[in-house]
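Residues per chain are reported as follows:
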Amino acid sequence: MLKTDKTLVFGASLKPQRYSNMAMKSLSDRGFEAMGFGLVEGTAYNLKITSNLDDVQGVHTITIYMRPSLLKPFTERLIGLRPRRVIFNPGAESPETYPKWEAAGVEVVEACTLVMLATGTY
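Keep in mind it's a predicted model, so treat the numbers as computed, not measured.

Asker: An account of the packing of aromatic side chains is requested, with residue identities and associated values reported.
Answerer: The geometry of an aromatic ring pair comes down to the distance between the two centres and the angle between the two planes. Applying the stated rule across the entire model yields six aromatic pairs. With a centroid separation of 5.3 Å and 70° between ring planes, the pair formed by phenylalanine 10 and phenylalanine 74 is classed as edge-to-face. Taken together, the positions of phenylalanine 10 in strand 1 (residues 3-10) and phenylalanine 74 in the loop between helix 2 (68-71) and helix 3 (75-80) put the pair 64 residues apart, joining distant regions of the chain. Here phenylalanine 10 falls in the buried class, since its relative accessible area comes to 0%. Judged by its relative accessible area of 25%, phenylalanine 74 is partly exposed. Aromatic pair phenylalanine 88 and tryptophan 101: ring centres 6.1 Å apart, planes at 85°, arrangement edge-to-face. Here phenylalanine 88, found in strand 6 (residues 85-88), pairs with tryptophan 101, found in helix 4 (residues 98-103); they are 13 residues apart in sequence, far enough to count as distant. This pair shows no difference in class: phenylalanine 88 is buried, exactly as tryptophan 101 is. An aromatic cluster of three or more residues is present, and its members are Phe10, Phe37 and Phe74.

Take a look at the structure:
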């Protein structure tokens, strides 16, 4: 069964040892609709990884794996996708941007997506 609230894994990697890649696998294994945004395009676990935000639509959750200095130029575009929730994974926390997200009505969560999925709190 596919869960229809789409997740964007921002900072997705094709490398299996990366946490963003593990998150894509975990989302796929649990039946979530997901896609990735990364520097290298490809497919992981039958999920598309794009390097073009114009390819992204209808996102419920953005889970961020990109460090704040690299995330900064994308913040306004990501907010413009109108997600309902953004998850800042360990190492990707960006407290200075949280007021922007919240002003746009986006729930801000500092957590580990992998732990949330494993414990059923996603």
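Asker: Summarise the nonpolar core; cite the residues concerned and give the values.
Answerer: In terms of nonpolar packing, the biggest core is built from 20 residues, with Leu8, Phe10, Ile62, Ile64, Leu78 and Trp101 touching the most fellow members. Of all the elements, strand 5 (residues 59-64) adds the most residues to this core, at three residues. Counting residues in each nonpolar core, the second largest holds 17 residues, with Ala12, Ala44, Leu114 and Met116 among its members.

Asker: Account for the pattern of salt bridges, with residues named and values stated.
Answerer: Going through the model one piece at a time under the given rule, you end up with four salt bridges. Among the ionic pairs, lysine 100 bridges to glutamate 76, the shortest N-O distance being 3.4 Å. With lysine 100 in helix 4 and glutamate 76 in helix 3, this residue pair connects regions lying 24 residues apart in the sequence. Classification of glutamate 76 by relative accessible area gives exposed; the value is 51%.

Asker: Please set out unusual backbone geometry residue by residue, giving values where relevant.
Answerer: In this structure, tyrosine 45 is a non-glycine residue whose phi angle is positive, near 60°. Take tyrosine 45: it is sitting in the loop between strand 3 (42-44) and strand 4 (47-50). Taking relative accessible area as the criterion, tyrosine 45 reaches 31% and is therefore assigned partly exposed. For arginine 82, which is not glycine, the phi dihedral falls at a positive 60°. With respect to the helices, strands and loops of the structure, arginine 82 is situated in the loop between helix 3 and strand 6.

Asker: Quick rundown of a nonpolar patch on the surface? Include the residues and the values.
Answerer: Together, Leu14, Leu39 and Val40 make up an exposed nonpolar region whose accessible area comes to about 320 Å². Considering the arrangement of structural elements, one finds valine 40 in the loop between strand 2 (32-37) and strand 3. Residue class for valine 40 comes out exposed when judged on its relative accessible area of 52%.

Rules of the game
- Residues numbered from 1 in each chain as written.
- Predicted model: local features only at pLDDT ≥ 70, side-chain atom pairs only at ≥ 80, totals over all residues.
- Heavy atoms only, no water.
- Phe/Tyr/Trp six-rings, centres within 6.5 Å; stacked < 30°, edge-to-face > 60°.
- Helix = DSSP H or I, 4+ residues; strand = E, 2+ residues; numbered from the N terminus.
- Buried < 20%, exposed > 50% of the residue type's maximum accessible area, 1.4 Å probe, protein only.
- Core = buried A, V, L, I, M, F, W, Y, C linked by side-chain atoms within 4.5 Å.
- Salt bridge = Lys/Arg side-chain N within 4 Å of Asp/Glu carboxyl O.
- Patch = residues over 30% accessible without salt bridge, like charges linked within 9 Å, V, L, I, M, F, W, Y side chains within 5 Å.
- Areas by Shrake-Rupley, 256 points an atom, 1.4 Å probe, with all protein chains shown as cover.

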